[in-house]
Amino acid sequence: MTSAAPFACAPLLKIIARGAKGARPLSADETRTLFDAILAERVAPAELGGVLIAYRIKGETPVELRAMLDAAHATFAPLAAPAGAPAPVLLPSYNGARKQPNLTPLLALLLAREGIPVLVHGQHHSGANRVGTQAIFAELGHAACESGAQAEAALRTRRVAYLPIAALSPALERLLEMRAALGVRNSGHTVVKLLQPFAGPALRLVNYTHPEYRETLSELFRDAANSPAPGVLLSRGTEGEPVADARRQAAIEGFCAGVHRRWLEAEDGATGTPPLLPAADAAATARWIEAVLAGDVELPAPIARQVGVIRRALGLG
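Residues numbered from 1 in each chain as written. Predicted model: local features only at pLDDT ≥ 70, side-chain atom pairs only at ≥ 80, totals over all residues. Heavy atoms only, no water.

Going by what an unreviewed UniProt entry lists, the protein chain is known as DNA-binding protein YbiB and is assigned to Pandoraea nosoerga.

Undergrad: Before we go on, may I ask you to explain the layout of surface pockets in this structure?
TA: The method is simple in principle: a probe with the dimensions of a water molecule rolls over the atoms, and the space it marks as empty is what remains. Counted as a void, the largest pocket has a volume near 780 Å³. What lines the largest pocket is a set of 33 residues, among which Arg56, Arg185, Thr209, His210 and Tyr213 lie closest to the centre. When grouped by side-chain class, the residues that make up the lining of the largest pocket number nine nonpolar, 14 polar and 10 charged. Two domains each put at least three residues into the lining of the largest pocket: domain 1 (9-59) and domain 2 (89-314). (1 Å grid on protein atoms, 1.4 Å probe; cavity = no way out; pocket = protein on both sides within 12 Å on 5 of 7 lines; lining within 4 Å. Points joined across faces, edges and corners; volume = space filled by probe spheres on them. Nonpolar A, V, L, I, M, F, W, Y, C, P; charged D, E, K, R; others polar. Domains from an automatic or database assignment.)

Undergrad: It is not clear to me how the sheet that holds strand β3 (residues 160-164) should be interpreted in this structure. Could you clarify?
TA: The strands making up a sheet are joined through hydrogen bonds of the backbone, oriented either antiparallel or parallel. Taken together, seven strands build an open sheet; the order of strands is β3-β2-β1-β4-β5-β6-β7 and the sheet is mixed. The two strands at the open ends of the sheet, each matched to only one other strand, are β3 and β7 (259-264). Here the average twist between neighbouring strands, direction ignored, is 25 degrees. Bridge count for strand β4 (residues 203-208) against strand β5 (residues 232-236) is five bridges, and the pairing is parallel. Among the inter-strand pairings, Arg204 is bridged to a residue of β5, identified as Val232. Sheet contacts for helix α13 (residues 211-221): β4, β5, β6 (252-256) and β7; angle to β4, the most-contacted strand, approximately 150 degrees. (Pairing = 2+ DSSP bridges. Helix = DSSP H or I, 4+ residues; strand = E, 2+ residues; numbered from the N terminus. Axes fitted to C-alpha atoms, helices over the stretch in contact; angles between N-to-C directions. Contact = heavy atoms within 4.5 Å.)

Undergrad: Sorry if this is basic, but what is going on with the packing of helix α3 (residues 28-39) against helix α5 (residues 62-73) here?
TA: For any two helices packed against each other, the geometry comes down to the angle between their axes and how far apart the axes lie. Axis separation between α3 and α5 bottoms out at 8 Å; the angle between their running directions is 40 degrees. When you trace α3 past α5, the crossing you get is right-handed. Residue-level contacts link Ala28, Thr31, Arg32, Phe35, Asp36 and Leu39 of α3 to Val63, Glu64, Ala67, Met68, Asp70, Ala71 and Ala72 of α5. Looking at the contact of α3 with α5 residue by residue, the classes come out as eight nonpolar, one polar and four charged. (Left-handed = near helix turned anticlockwise from the far one by under 90°.)

Undergrad: Quick question: what am I supposed to make of the domain arrangement of the protein chain here?
TA: One frequently used descriptor of interface size is the decrease in accessible area upon assembly of the parts. Here the protein chain is described as being made up of domain 1 (9-59) and domain 2 (89-314). For domain 1 and domain 2, the distance between their C-alpha centres works out to 28 Å. Opposite the 10 residues of domain 1 that make contact, domain 2 presents 10 residues. A buried area of about 890 Å², summed over both sides, lies between domain 1 and domain 2, and 74% of it is on carbon and sulfur atoms. Broken down residue by residue, the surface that domain 1 buries against domain 2 is led by Leu39, Leu52 and Arg56, which jointly contribute 54%. The tally of links from domain 1 across to domain 2 stands at one salt bridge. Across the pair Arg174 and Glu41 runs a salt bridge, and its minimum N-O distance is 3.5 Å. Along the contact surface separating domain 1 from domain 2 lie two residue pairs in polar contact (both at pLDDT 80 or more). Those elements giving two or more residues to the side of domain 1 that touches domain 2 turn out to be α3 and α4 (45-58). The element best represented in the side of domain 1 that touches domain 2 is α4, accounting for six residues. (Buried area = accessible area lost by both parts, 1.4 Å probe. Salt bridge = Lys/Arg side-chain N within 4 Å of Asp/Glu carboxyl O. Polar contact = N/O pair within 3.5 Å; in protein donor to acceptor, adjacent residues only side chain to side chain.)

Undergrad: Is there a simple way to explain the nonpolar core in this structure?
TA: Nonpolar side chains tend toward joint burial in soluble globular proteins. Membership of the largest hydrophobic core comes to 55 residues, with the highest contact counts inside it found for Leu34, Leu195 and Leu217. Those residues in contact with Leu34 that sit more than four places away from it in its chain are Phe7, Cys9, Leu12, Leu26, Val51 and Tyr55. Within the second largest apolar cluster, 39 residues are counted, among which are Leu110, Leu111, Phe137 and Ala282. (Core = buried A, V, L, I, M, F, W, Y, C linked by side-chain atoms within 4.5 Å. Buried < 20%, exposed > 50% of the residue type's maximum accessible area, 1.4 Å probe, protein only.)

Undergrad: Even after reading the chapter, I still don't get the pattern of salt bridges, so can you show me in this structure?
TA: Pairing between side chains of opposite charge can happen when the charged atoms of each approach one another. Evaluation of the coordinates by the stated rule reveals 13 salt bridges. Here Arg32 makes a salt bridge to Asp36, at a shortest N to O gap of 2.9 Å. On the criterion of helical spacing, the pair formed by Arg32 and Asp36 is a turn pair, its members being four residues apart in helix α3.

Undergrad: Explanation requested: the packing of helix α6 (residues 104-112) against helix α15 (residues 301-313) in the structure shown.
TA: Contact geometry of α6 with α15 gives a least axis separation of 11 Å together with a crossing angle of 50 degrees. In terms of their interaxial angle, α6 and α15 are classed as oblique. Taken as a pair, α6 and α15 cross one another with a handedness that is right-handed. Contact with α6, carried on its side by Leu106, Leu107, Leu110 and Leu111, involves Ile303, Gln306, Val307 and Ile310 of α15 and no other residues of that element. (Parallel < 35°, antiparallel > 145°, perpendicular 65-115°, else oblique.)

Undergrad: In this structure, what is going on with α4? I would like to understand it.
TA: Residue pairs three or four apart in sequence face the same way in an α-helix, which turns once every 3.6 residues. With 14 residues, α4 ought to run about 20 Å at 1.5 Å a step, and its terminal C-alpha atoms sit 20 Å apart, in line with that. Within α4, the full set of buried residues consists of Leu48, Gly49, Val51, Leu52, Ala54, Tyr55 and Lys58. Contact partners of the buried residues in α4: α1 (10-16), α3, α5, α10 (170-176), α11 (178-182) and α12 (187-191). (Expected span 1.5 Å × (residues − 1).)

What follows is the structure in structure tokens.
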């Protein structure tokens, strides 16, 4: 705990901790006040655990998510995008891959070589038996940035940067690390996938794994204030990663200033399987990505289509 005055959560826990059916949502002001206190380490450990588990059971409303996101944005200084370049693309990478190759770095590098700045943010680890993006980027010669200033420089020179959330916002990193104590993810894991850390416009790729989150996120982004241009691309995640599933085409939806667009329809069945790749081997994944970028291995069609959608969403044709 910091030296700041402790924040008493009991009155708010009485509202949100009554189970999936009995709990009620907090107002925007109540949620913002609560999460400001959490991120400032003003909430006692027992109460913090209670709040996070309560939200795990209750779920977050769009109003609560927006307030949590506002609190998250207040924990760091906005980044500057490269001048003379398209709006940057944001790839939140917090899950890693367990059963499939983690191809988020491939998506980032495909966009970067077209001159599109890409900021990938995530954790230095992705949990047991998962291949994290940071490890793959390291194999590809892209070291993790240690600060927002380093990320800005990497975007200017290489058009791609990997920024650990600990370097962007230590407060958010602490919230994510509560998973180790509680055994389950918390609201912070949803909020970090919604971050827009740039001072100017940026295109966010937001993914979900559970269908109910699609409904919540769609309602959130239908508010024009929550999806400013160039907007948001929403799709089902590949084991929680923002890259398209290389084996089958998932739907991609967009929200720009509240206006919904269906960019791609889902297809039933497989659309082709990439070469066999050890899912738990960052080096092998990196070598395969290099082969794709060199044209020696065919780019999976769903990822090629995803790149096309991103280009069109940015107004690049």
